Protein chains: 2
Amino acid sequence: MSTSNLSSSNRLSLEETSWVTQFLETYGQENVIYNLTMGTPFWSPPTSVQQAIIQSCGLTETYRYGATCGLSQLEKEIGKLLDLKFASSCGNEVMICSGSNQGFLNILLCLCSPGDEVILFRPYYFSHYTACLLAGVKPVVVDTDSEFLPQPQGLRISVNTKLVVVVSPGNPSGRVISTDLLRSLYQLCFQRGVWLVIDEAYEHFTFDGMENSCFSATDGVINLYTFSKSYSLAGLRVGYFCYPNYLRKSMLEIQDTIATHACHLAQHAALAALRDSSKECIQNQVQEMVPRREIFWQVVSKYNTYRANGGFFFFVPIPKSISSYDAVSYLIHKYGILVFPGQLFGMPNYLRISYGSLSLHETKEAANQLNKALATLWDNR
Amino acid sequence: MSTSNLSSSNRLSLEETSWVTQFLETYGQENVIYNLTMGTPFWSPPTSVQQAIIQSCGLTETYRYGATCGLSQLEKEIGKLLDLKFASSCGNEVMICSGSNQGFLNILLCLCSPGDEVILFRPYYFSHYTACLLAGVKPVVVDTDSEFLPQPQGLRISVNTKLVVVVSPGNPSGRVISTDLLRSLYQLCFQRGVWLVIDEAYEHFTFDGMENSCFSATDGVINLYTFSKSYSLAGLRVGYFCYPNYLRKSMLEIQDTIATHACHLAQHAALAALRDSSKECIQNQVQEMVPRREIFWQVVSKYNTYRANGGFFFFVPIPKSISSYDAVSYLIHKYGILVFPGQLFGMPNYLRISYGSLSLHETKEAANQLNKALATLWDNR
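The rules behind the values
Residues numbered from 1 in each chain as written. Chains lettered and ligands numbered in written order. Predicted model: local features only at pLDDT ≥ 70, side-chain atom pairs only at ≥ 80, totals over all residues. Heavy atoms only, no water. Least-squares fit on C-alpha atoms with pLDDT ≥ 70 in both. Contact = heavy atoms within 4.5 Å. Helix = DSSP H or I, 4+ residues; strand = E, 2+ residues; numbered from the N terminus. Buried < 20%, exposed > 50% of the residue type's maximum accessible area, 1.4 Å probe, protein only. Domains from an automatic or database assignment. Buried area = accessible area lost by both parts, 1.4 Å probe. Salt bridge = Lys/Arg side-chain N within 4 Å of Asp/Glu carboxyl O. Axes fitted to C-alpha atoms, helices over the stretch in contact; angles between N-to-C directions. Parallel < 35°, antiparallel > 145°, perpendicular 65-115°, else oblique. Left-handed = near helix turned anticlockwise from the far one by under 90°. Nonpolar A, V, L, I, M, F, W, Y, C, P; charged D, E, K, R; others polar. Pairing = 2+ DSSP bridges. Polar contact = N/O pair within 3.5 Å; in protein donor to acceptor, adjacent residues only side chain to side chain. Expected span 1.5 Å × (residues − 1).

### So, the relation of the copies chain B and chain A
The relation between the two chain copies is a rotation about an axis coupled with a shift along that axis.
Stage number 1. At an RMSD of 0.0 Å, chain B and chain A line up after a rotation of 180 degrees and a shift of 0.0 Å along the axis. Here the transformation between the copies is reduced to the relation of a two-fold axis. By C-alpha distance to the rotation axis, the residue of chain B lying nearest is I54 of chain B, at 2.8 Å.
Stage number 2. Comparing interface residues between copies, 100% of those in chain B also lie at the interface in chain A; the contact surface is shared.

### Brief notes about the side chain of H268 of chain B
All names here are of chain B.
Stage number 1. Looking at the secondary structure, you find H268 in helix α10 (residues 264-276).
Stage number 2. Judged by its relative accessible area of 15%, H268 is buried.
Stage number 3. The residues touching H268, leaving out its near neighbours within four places in the chain, are A52, S56, T62, L71 and Q73.

### Focus: the domain arrangement of chain A
All names here are of chain A.
Stage number 1. You can read the domains of chain A as domain 1 (16-44 + 279-379) and domain 2 (47-276).
Stage number 2. At the interface, 32 residues of domain 1 touch 30 residues of domain 2.
Stage number 3. Carbon and sulfur atoms supply 65% of the area buried between domain 1 and domain 2, which totals about 2700 Å² over both sides.
Stage number 4. Among the salt bridges present, the one from R293 reaches D208, with a minimum N-O distance of 2.8 Å.

### Focus on the side chain of S100 of chain A
Stage number 1. One can find S100 of chain A in helix α6 (residues 100-111).
Stage number 2. If near-sequence neighbours (up to four positions away) are discounted, S100 of chain A is found in contact with L224, Y225, T226 and G239 of chain A.

### A few points about the packing of helix α6 (residues 100-111) of chain B against helix α9 (residues 248-258) of chain B
Residues and elements named next belong to chain B.
Stage number 1. Interhelical geometry of α6 versus α9 gives an angle of 130 degrees and a closest axis separation of 10 Å. Taken together, α6 and α9 sit at an angle that is classed as oblique. For the element pair α6 and α9, the recorded crossing hand is right-handed. Contacts between α6 and α9 involve Q102, L105, N106, I107, L109 and C110 on the former and, on the latter, S250, M251, I254, Q255 and I258.
Stage number 2. Per-class residue counts for the contact of α6 with α9 are 7 nonpolar, 4 polar and no charged.

### Quick look at the packing of helix α5 (residues 72-85) of chain A against helix α10 (residues 264-276) of chain A
All names here are of chain A.
Stage number 1. Following both chains from N to C, one finds α5 and α10 inclined at 35 degrees, their axes separated by 9 Å at the closest point. As for how α5 packs across α10, the hand of that crossing is left-handed. Each of Q73, L74, E77, I78 and L81 in α5 lies in contact with α10, whose residues at this interface are Q267, H268, A270, L271, L274 and R275.

### Section: the sheet that holds strand β11 (residues 340-341) of chain B
Across a sheet, paired strands are connected by hydrogen bonds in the backbone, their directions being either parallel or antiparallel.
Residues and elements named next belong to chain B.
Stage number 1. Within the open sheet, the 3 strands sit side by side as β9-β12-β11. Their pairing is antiparallel. For this open sheet the edge positions go to β9 (313-317) and β11, each flanked by a neighbour on one side alone.
Stage number 2. Looking at chain direction, β11 and strand β12 (residues 350-354) are connected through 2 bridges and run antiparallel. Note that in β12 the partner of P341 across the bridge is L351.

### A short note on unusual backbone geometry
Stage number 1. Residue P172 of chain A is bonded to the preceding N171 of chain A through a cis peptide linkage, with omega at 20 degrees.
Stage number 2. On the secondary structure map, P172 of chain A appears in the loop between β5 (161-167) and α8 (179-191).
Stage number 3. Each neighbour pair has its own omega, and for R122 of chain B with P123 of chain B the value is 0 degrees, a cis peptide bond.
Stage number 4. Relative to the elements of secondary structure, P123 of chain B occurs in the loop between β3 (117-122) and α7 (126-135).
Stage number 5. In this structure, S232 of chain A takes a positive phi of about 55 degrees despite not being glycine.
Stage number 6. For R237 of chain A, which is not glycine, the phi dihedral falls at a positive 60 degrees.

### A few points about the pairing of strand β12 (residues 350-354) of chain A
Stage number 1. In terms of residue burial, β12 of chain A counts as a mostly covered element, since 5 of its 5 residues are buried.
Stage number 2. Neither face of β12 of chain A is exposed, since Y350, R352 and S354 of chain A on one face and L351 and I353 of chain A on the opposite face are all buried.

### Focus: helix α9 (residues 248-258) of chain A
Residues and elements named next belong to chain A.
Stage number 1. For α9, the tally of buried residues reaches 10 of 11 residues, placing the bulk of the element in the interior.
Stage number 2. Of all the residues in α9, the buried ones are R248, S250, M251, L252, E253, I254, Q255, D256, T257 and I258.
Stage number 3. Immediately downstream of α9, the backbone of T260 shows phi near 65 degrees, a positive value.

### Some points on the interface of chain B and chain A
Stage number 1. Taken together, the contact between chain B and chain A spans 92 residues of the former and 93 residues of the latter.
Stage number 2. Summed over both sides, the interface of chain B with chain A buries roughly 7300 Å², with 58% coming from carbon and sulfur.
Stage number 3. In terms of surface lost to chain A, no three residues of chain B exceed L6, Y63 and Y65 of chain B, which account for 11% of the buried area on that side.
Stage number 4. There are 38 residue pairs in polar contact (both at pLDDT 80 or more) connecting chain B and chain A.
Stage number 5. The dominant element in the side of chain B that touches chain A, judged by the number of residues it contributes, is α9 of chain B, at 9 residues.
Stage number 6. Looking at the side of chain B that touches chain A residue by residue, the classes come out as 41 nonpolar, 39 polar and 12 charged.

### Structural notes on helix α5 (residues 72-85) of chain B
Residues and elements named next belong to chain B.
Stage number 1. A rise of 1.5 Å per residue sets the reference length of α5, with its 14 residues, at 20 Å; its end C-alpha atoms lie 20 Å apart and thus fit the reference within 8%.
Stage number 2. Of the residues making up α5, those classed as buried are L74, E77, I78, G79 and L82.
Stage number 3. Where α5 is buried, its residues meet β2 (93-97), β7 (221-226), β8 (239-243) and α10.

Structure representation (structure tokens):
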């Protein structure tokens, strides 16, 4: 507490939102035997990334201020990738940011005035929720169907709604949203003068023959991406988004004020990762994720878990008699397993299990231990 | 313009605040012969920085998510530095951020609710002003005296004031604020339950026998620093601030939501820079800045310019008959000189001249050209 009558902001409702950071502070990594929280894949980036870092750290420009929207070579390479993805040039601008969280805040501050409403689908990605609170906008949380799919007819657009956020594949649900559904959501939004933000952090991680959604438009849509997942650069903090040109003035101003620009070393690493990670190389990672997914599926499928077709998560139901915070505490104390409580994502009767960052050997051990843990949790309900 | 009735945020009053990014877009670097806008010193970081980057790019952890508040070794090294600086352990927490702009936004969101007031002294650092607009708080701009010194009796603290921001040495004024004056400001603020944020980006750059202010407290003060200036790491985006422990929960949450953490490569670079940049090494840079400063002083002293005792700026008066935007356009078109308009800093009758990033040879040429340019500007008033 302050020794004076100093106070701090009322933006955060800290009970819920600071749970992750608080929890990880209290239960240090030393108590965690099986960490099933990480939103990163097991693999390290290709060796060309190291070479690019070594090369760029010898350049004077690396240490000087650079372009607000990012290195022009990286911007061009991303532009080509997006043209290919969307099968035509959508003519949108690219902004390279210090990770997609910073990108999301940039978008939020650019589009929403204080008091505006932002629609998030439950279960939501917690940083989106917290970012709304920080920006002084109201997160309006809308339920998805029983398989975590957004329902266009359930959208609660009001006169104050400024944007709708979808995450595909979902975090924590792992749910892939089809291109058709995205188009329907977009049409609904656009008619009402509401923006659609599509966060595709886990874009390449899809299973069971699914392909991820692929939707953009020249107006009314912002697509958000990261180098943290498919390119294994989480620790370097680099992501990007593409947005309509007429927002460029504000976007540059906001980017300059928050981040100035993304770290130059990280941008050079991202450029190498993008040039070197062929579609095949990423596809191999996804293939190697398949056995990990099946091993965990054998465990979680016993509890009416939705078979996520994307990401590397399962969002597992727990007995209604226990809070997800208590369940997490129980799992760490009794079994050394760290998972995320569903409450973080707006759904208190679930746990998020992430299997992406484990070796195949660790996967087997962790799944075995989780099997025991979930059985006890359900038996003691 | 949007093709629908989509709108964006009313946070920014874009005419003023986006001037820098817009201007630099319109007049590309190719038209600039003498760039006198850069807030970075001429020198490159020590070679140990490159070695640290090369070493860290071989580590798996570098690419994984890390601690929200930064690498523990860097946190400890900064802690030692601050203990030494403030001649005792103030017991405050350290947060490593992706540059001090991101740090400032973090502080603002942590301390201020929407609608609160933040006092900035004119001339203010433009990113502080814009950050207030983005955060939905009201920047209350207070005049300084004729030599750009904040006046405690002029503080317009209201019931809505949440914090007072001082920059020492000032940007753009170059004015060093004494420790005594900071203490007086702090006492006034603390009595009224108002926070004091002290931004010391240019801490080591002081002249004419001045030492920079050195003030902190266990409560009510946040000290903000960067690795961009004395350590020449601007392009890597890393800074830090120290703050009272009881804000840790919110600070971590906000940091996680905006930045996750600073880029690991940048943090390793900062650690090497901190370990290797002896006080002597930084002092040498400041000594080498002295002749550059004198060369420009010969030019700007003709126009009743304040002899800045810090930073590497002069804030030069221009005729009242011309706007600072027009003056900047005139200087670039006729003389190839790029400077910042005073309007950016809240004072339309000035130009900010930064001499920090030039070689001694460039300094002479640029000063010579500026001499002609200012003479014409004043002759044609």
